[in-house]
Each structure stands twice: as C-alpha cells, then as structure tokens.
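Observations on chain architecture
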Amino acid sequence: MNKSASSSPGNGALIRVTDLCKTYDNGVDLIQVLRNINFKVYPGEIMAIMGPSGSGKSTLLFILGIFLHPSSGSYFLGGQDVLSLDRNAQAEFRRNRVGFVFQSCDLLENSTVYENLEFPLIYAGVDRQDRPERIAVALERVNLGHRIHHSSNRLSGGERQRVAVARALVNQPQVILADEPTGQLDRSHGHSILDHFSEIVSDGKTAIIVVTHDPEIAAGCTRISSIRDGVLYEQ
Amino acid sequence: MQLNDLMRVSVRQVIRHRRRYMGVVLAIALGVAGFLNIVTMSREVKNNFNENLDLIGGVTVLRIYFDNQRSYRPQWFREQTLTALKRLDGVKELSLTAARHGQKSNFKGQHFAFMVLAVDEGFWQVRNFWPLTGKLFGLDAVNAHTRECVIGAELAKRMFGDTQVSGTDLEINLEIYRISGGLGGVTDSGLANSVFLPLTTAADRFPGRLLADRLYLRCATWDDVGAVAAAIPGIVKSFQSPEELHVEVAWEALKRVQLLAWWIEFLIYLATSATFLLGGVGIWNVMMAAVTSRTREIGLKKAMGAEDRDILAQFLSEALCLSVGAALLGAGIGRILMEILGYVIESRPPENLFFFGVTLAFVFAVVIGVGAGLYPSIRASRMEVVSAIRYE
Ligand SMILES: Nc1ncnc2c1ncn2[C@@H]1O[C@H](COP(=O)(O)OP(=O)(O)O)[C@@H](O)[C@H]1O
Ligand SMILES: [Mg+2]
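Residues numbered from 1 in each chain as written. Chains lettered and ligands numbered in written order. Predicted model: local features only at pLDDT ≥ 70, side-chain atom pairs only at ≥ 80, totals over all residues. Heavy atoms only, no water.

So, helix α1 (residues 57–64) of chain A
All names here are of chain A. The element α1 is largely enclosed, with a buried count of eight among its eight residues. Where α1 is concerned, the buried positions are Lys 57, Ser 58, Thr 59, Leu 60, Leu 61, Phe 62, Ile 63 and Leu 64. In the stretch just after α1, Ile 66 is the one whose phi turns positive, near 40°. (Buried < 20%, exposed > 50% of the residue type's maximum accessible area, 1.4 Å probe, protein only. Helix = DSSP H or I, 4+ residues; strand = E, 2+ residues; numbered from the N terminus.)

See the structure below:
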C-alpha cells in the first residue's frame, strides 16, 4: 500500500473538512447526526469509514458528494471551496471531480450496463466515439467486460455493485466516494474491488473514501476511521 | 448534453416505456388523422354530395332567365356572357336552354300538346337527370343538328302507353324526330310531360327566332352559391342588357343544407380539438407520473453530474417525442384514410392541401408537447439529489 502520501505535509491534502456539522430537522425535533467532523485526505489514500448503522456515514458521504449541504463547517477539495459552488458548478463538480457508489447500488433500470456507464460520459461531454473504449476499460477493472450489453435488471446483486463501481470510475475522478460498495459481494469479489481501488490510487492523484462494515475490507485500506455519536475517530 | 445524445436517449426512453405512452400517442394520432381528413377532404366530400344526392345537390343549381313576356325587347343569352359565366369562380357547369310551349303531335289519330325544351349537351349533367330508357343525346347530336329527341316519361306513357320507346319516331309540328331515350330523375311533372330537342336542331326547324333565354348553372359547392348569385347580374350587364333578368336560388333549402353541413363540420372540429386537448392533458399526466416514478433515475443522473437543464431537456424532448411521434403516426393513418375516402368518392384533394394539414398538425404537436411537457420537466429538473436518492 502506498502510505507515503499520508505522511506528506498537510497543505498537500486533497480533501480538507473542518468543523462539519449536520442536523436533520424531521419536523418534530432536530437530530444532530454529525458533530464537528475534522479530517484531511491525501492523494493516494483509501480511507475506510466504519460505524454502526444510523451513525451518519451515508450523511457524511452525501455531504462530500454535495448531494446534501452541511449545517455548518467547511469543505475544500483540491483548494476549492466546495460549499460555495452554485448549482451548475455543483453539477460540474459531481461530473468531473467525484465518483459516487450508492449504498443501494442504484443502476438505471431497463438500461444496459453500457448505457449506465455512458451517462457520466455524456454529461461530461466526452465524444461518442471515445466512449466505448473508456467504458470497456472501466468494466475490465471490475471484471465485468463480458456483461457490457446486459440489461441492468438481469444482473446479480454483486454484479450490480461492480457496475456501480465501474460507473464511478469511468470519468476518472479525483475522489471516489463509495457507500458500502462490497456489502453484497462475496469475499473474493470484495477483495478484488479493493485491489482495484489500490490500483487506482497508486497513480498518486486519486483518493478513495469507503464506507464499510467489513473489518477485512477496512484492514486493506490505508486508513481506518469510525463514526460514533456523530464524532469521527481515527484509528 | 449534445443534441444527438439527447434525441437518442429520449427516443430510447419512449420506446422502452411504450406501453405507458401508447394510449396518449394513439389518442393524439387519431386526432391528427381526423384533422387531416377534414382539412383535405371536406371540400371533396361536399362536391361529391352535390353530384350524387340530388336532394342536397339541387340547392347548388341556379336558374337564370329573361322574362320575355314582360320584356319590351326579346332577350337571350349571348356567347360572351356564357363564356364569362363559365369562368366565374365557384361555377362548375352551366346549360343553355330555350322553351316552346304548346307544340303539337298526332299519334294514331289522337292529338297531344306539350312543351318542347331545346337544350344543350350539358343539360342532363347540370340538372342531374339520367336516362330511364335508351340514352340522352350529347355533344355529337348538338353539333350535328340531328333530328332526335328525348321524351319525358309521363308523356311517353300517355302517347305510347309505355316508356320503352327509344328508337320509335315522334312527329312534332309535322316533322319526324327519332326518340333516343326516355328521361328519368325528374320530379317536376311539367318536365315529365315535355320533349327535349338539341338546341341547334330546334333553332333550325322551328319557325321564328328561338330565344335561348334560360340558363341552368351549377355551383361547385353550396358555399359558392351566394357569391355566384350575386355576381351574375354584373357579368350579364357587362355584355348585354340585363333588363328583366332573374336569378332564382332555392335559398330556403340552401340555408338548411348549409346549416346541416355547418353543424357536421363544427362537431367534427369540436371532436378534433377535444382530442388535441385531451392529448395535451394526457401528455401532462403521463409526464407528471413519469417524473414521480422516475425520481430515483433523476437523482442518479444528477449524481452522475447532470445539470438541471440536462434533466429539463431530457423530459421535454421525451414529451416532444410523444407528441411529434403521435403526429407522425396520425399523418400516416390520415393519409391511409384519405386514400380510402378518395377511392370511394373517386376524387383526390390537391396534394399541397395535405402538406398544409400535416404542417399544421406538427405545429400543434410541438405546441402540445412543449405546453404540456414543460411544467413536469421543470419539476424534474428542480429535484434535489438527496431527496431523489432516498425516495422510496
Ligand atoms: N432526511 C432526513 N431527515 C431526518 N433524519 C434523517 C434523514 N436522513 C437520515 N436521517 C437520520 O440520520 C441518521 C444517519 O443516517 P445515515 O447517514 O443514513 O446513517 P448510516 O449511513 O450510517 O447508516 C439516521 O438516524 C437517519 O434516520
Ligand atoms: Mg448508510
């Protein structure tokens, strides 16, 4: 594993989160899910986030993907103040700088694997003739090259998860945010996804944040942290 | 998002969800087909009514005559007047005639008196008469001044006791004429008791001057009758004296037929616009439902970096796909109906009228697609990613 990046000086951080808080208002009372979260992520790192269910792991990942706004705090990615972006700049950010794997491994229904991977490229303005190559490369990384023209409805749970990972990779983002990407995978596929993650970060430019319940997967990451009672602890 | 991607994705989406959209598309398509047929065929159908249904078609025939009993100088229609009338807009055909009352015939010792009507070759067509037996003389007979005649059915029965008289000879004013046929389609007993001679023959044979002072004129449709009737005196006046000129129109019957036709047309237009309106409401509904049921898809696409306008464009172009696709289908169905109808009534509308109708239908379709699809698309585009993703 590439641990050298994490020991580099603090201003080389790819992600810098400071005093991040999130409070949900469900109409009856206020639920404080995240309290004063502080952390940095450097290029080349794979950060595991663990914690019991309902502890706010998905909430944190949604904030990092700016699907959700924090109640307070700051969030910089590559020197850019992410929370100040306007709506179109947010879309641009999601399209070019982060790749997201959802917990539910959502794929577009009634669409082929190819079409699922094509949309990020369409939105990023990639030329049509360049798309097949990039889609094939991303699918190869999760060993699904042979499923390229299958319908998403006919994939197994594990295959869906791998397609979701491939879709997060296809635009070569700086940061990949994965919410339990190995939850439905058997051991060997789980580990091979982790191997792919390691390969991706080995370029020294990319970082990955993985939410996981699996201690073995966490052990394969470069850093492990956990959320309890809204607070992030580094291990 | 590039336009060709947008089109491809939208068409694919619509085709994959064709079951959801089929009802709306069919409704609009039928509306378009009906609309095209009204635009293109209504004049043809009226024309056809006109020719085939004497009852309705009769109202398009005008009788124009000089009342020579009251006129100081005898009057008749001049060649130039006829030519000018034929060229008048809305005039389909006309026929020139002259009448001689109290003509006599002797048959087997009995005397018969009747009217002789000297007519041109167009008379049968204009008055919608058909041969009961034998044939009605045509242009050849008129040009050749032949001595033949057509006899009214009642007169034939009175004289010969039978209507099968074609080929027999008839004596009029001591001259012999061959009967070429018996006249059918006559409701007027005066005409059923008359003898018809070619205009030229009568002019040659009858003593004195034959005054061609009656004209029957058929308009193309009943909508033309008013304008044609109004224009006639002016046209006659520019070539000859219009003294004691009378133009007779069956105004009452015309009004009734026009009202009936107006109602039929109105109801069809009403039905058509109702289809269009329902089509619009249908698209609205279907798109609203699609936005709700595709919340996750919208959230996912936004998470993949779609901007608000990408989502807006996608839903709007799907709505347009539906309405324009429906219009296309409707144009196809309409064309088929038009061909069938055209075959049945043996008449074809001008091609540019069809294209005019199709263009209009496409404009409607775009208006409906944008009008009904805009609000649902805006709603889709405004959706927040996280609420879309967590939506169950
Ligand atoms: N929109 C919301 N309104 C109110 N509470 C919410 C909302 N979304 C999530 N929560 C609550 O926030 C807590 C954290 O949720 P989540 O981030 O999904 O946890 P995890 O991913 O760690 O299981 C949960 O208790 C959940 O019920
Ligand atoms: Mg979660």
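The rest of the description comes next.
As for the site of ligand 1
In the vicinity of ligand 1, the contacting residues are Tyr 24, Ile 31, Val 33, Pro 52, Ser 53, Gly 54, Ser 55, Gly 56, Lys 57, Ser 58 and Thr 59 of chain A together with Arg 390 of chain B. Flanking ligand 1 are residues from chains A and B. Contact distances for ligand 1 include 3.3 Å between an oxygen atom and a backbone N or O atom of Ser 55 of chain A. Within the side chain of Ser 58 of chain A, one N or O atom sits 2.7 Å away from an oxygen atom of ligand 1. Relative to its unbound accessible area of 570 Å², ligand 1 is 66% covered by the protein chains. Elements with a minimum of two residues in the shell around ligand 1: β2 (30–41) and α1 of chain A. Broken down by element, the residue count for the shell around ligand 1 peaks at three residues, all from α1 of chain A. Within the shell around ligand 1, the residues separate by chemical class into four nonpolar, six polar and two charged. (Near = heavy atom within 4 Å. Polar contact = N/O pair within 3.5 Å; in protein donor to acceptor, adjacent residues only side chain to side chain. Areas by Shrake-Rupley, 256 points an atom, 1.4 Å probe, with all protein chains shown as cover. Nonpolar A, V, L, I, M, F, W, Y, C, P; charged D, E, K, R; others polar.)

Observations concerning unusual backbone geometry
Keep in mind that most residues, glycine aside, have a negative phi and that most peptide bonds are trans. Residues other than glycine seldom take positive phi values, yet Asn 36 of chain A does so here, at roughly 45°. By secondary structure assignment, the location of Asn 36 of chain A is in strand β2.

Overview of the interface of chain A and chain B
At the interface, 29 residues of chain A touch 29 residues of chain B. Interface of chain A and chain B: buried area, both sides summed, is about 2,600 Å²; carbon and sulfur atoms make up 52% of it. The interface formed by chain A and chain B holds eight salt bridges in total. A salt bridge links Glu 115 of chain A to Arg 12 of chain B; the nearest nitrogen and oxygen atoms lie 3.6 Å apart. There are 11 residue pairs in polar contact (both at pLDDT 80 or more) connecting chain A and chain B. Residues that form the side of chain A that touches chain B fall into these classes: 12 nonpolar, seven polar and 10 charged. (Contact = heavy atoms within 4.5 Å. Buried area = accessible area lost by both parts, 1.4 Å probe. Salt bridge = Lys/Arg side-chain N within 4 Å of Asp/Glu carboxyl O.)

So, the packing of helix α13 (residues 308–345) of chain B against helix α14 (residues 351–382) of chain B
Residues and elements named next belong to chain B. Relative orientation of the contacting elements α13 and α14 amounts to 155°, with a least axis distance of 7 Å. Put simply, α13 runs roughly antiparallel to α14. The chirality of how α13 crosses α14 is right-handed. Looking at the contact of α13 with α14 residue by residue, the classes come out as 21 nonpolar, five polar and three charged. (Axes fitted to C-alpha atoms, helices over the stretch in contact; angles between N-to-C directions. Parallel < 35°, antiparallel > 145°, perpendicular 65-115°, else oblique. Left-handed = near helix turned anticlockwise from the far one by under 90°.)

Some details on the domain arrangement of chain B
One frequent convention defines the size of an interface as the accessible area lost when the parts assemble. Per the domain assignment, the segments making up chain B are domain 1 (3–52 + 257–389) and domain 2 (58–250). Computed from C-alpha coordinates alone, the two centres of domain 1 of chain B and domain 2 of chain B are separated by 54 Å. (Domains from an automatic or database assignment.)

Topic: the pattern of salt bridges
For the coordinates displayed, the defined rule picks out 27 salt bridges over all chains. Ionic pairing is found between Glu 175 of chain B and Arg 205 of chain B, a salt bridge with its closest N-O pair at 3.0 Å. A residue pair is termed long-range when its members are at least 10 positions apart, and Glu 175 of chain B in strand β7 (residues 175–184) and Arg 205 of chain B in helix α9 (residues 199–205) qualify at 30 residues. Exposure remark for Arg 205 of chain B: the relative accessible area of 35% places this residue in the partly exposed category. In this structure, the salt-bridge partner of Glu 297 of chain B is Arg 294 of chain B, at a minimum N-O distance of 2.9 Å. Note on accessibility: Glu 297 of chain B and Arg 294 of chain B belong to one class, buried. When salt bridges with common partners are traced through the structure, they connect Arg 87 of chain A together with Lys 302, Asp 308 and Glu 384 of chain B into a single cluster.

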